[in-house]
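Given next are the chains, with one letter for each unit.
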Amino acid sequence: MRTSRKDPGLAAVLSLVIPGVGQIYNGDFLRGIFWLIVTPGFWIGTGGLFGWVCHLIAAWTAHRRALWHNGRLPVGLAM
């Protein structure tokens, strides 16, 4: 299994543009699918009122998970 460092900034931007893509980039496929389903639901269900909140939360969680992922890698692992 090949493991590499994840860029937290890239993960956040990906999920800000399309919620869930940053999580998929991090390797968290189920979390990515969750955000891909929940965010449109909030956009439609609240008439656009809370959809932007899901975009921000998805970006923040993608950033935090990338940092968490990088912290779990063995010391000295190169990109």
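What you are looking at is a predicted structure, and each value in this text was computed from that prediction instead of being measured.

1. Comments concerning helix α4 (residues 51-71)
Along an α-helix, residues three or four apart share an orientation, since each turn contains 3.6 residues. An ideal rise of 1.5 Å per residue puts 30 Å on 21 residues; α4 measures up with 31 Å between its terminal C-alpha atoms. Turning to α4, its buried residues are G51, C54, H55, A58, A59, T61, A62, R65, A66, H69 and N70. On its buried face, α4 sits against α1 (8-17), α2 (21-26) and α3 (29-45).

2. Considerations on α1
For α1, the full list of buried residues reads P8, A11, A12 and S15. Seen end-on, α1 carries its buried residues on one side only, within an arc spanning 100°. Looking at the packing, one finds that the buried side of α1 touches α2 and α4.

3. Let's talk about the packing of aromatic side chains
Each aromatic ring pair is specified by the distance between its two centres and by the angle formed by the two planes. Per the stated rule, a full pass over the model turns up 1 aromatic pair. Residues F34 and W35 carry aromatic rings whose centres are separated by 5.2 Å and whose planes lie at 80° to one another, so their mutual orientation is edge-to-face. Taking relative accessible area as the criterion, F34 reaches 44% and is therefore assigned partly exposed. Look at W35 and you get buried, because its relative accessible area is 12%.

Rules used throughout
Residues numbered from 1 in each chain as written. Predicted model: local features only at pLDDT ≥ 70, side-chain atom pairs only at ≥ 80, totals over all residues. Heavy atoms only, no water. Helix = DSSP H or I, 4+ residues; strand = E, 2+ residues; numbered from the N terminus. Expected span 1.5 Å × (residues − 1). Buried < 20%, exposed > 50% of the residue type's maximum accessible area, 1.4 Å probe, protein only. Contact = heavy atoms within 4.5 Å. Arc of directions from axis to C-beta. Phe/Tyr/Trp six-rings, centres within 6.5 Å; stacked < 30°, edge-to-face > 60°.

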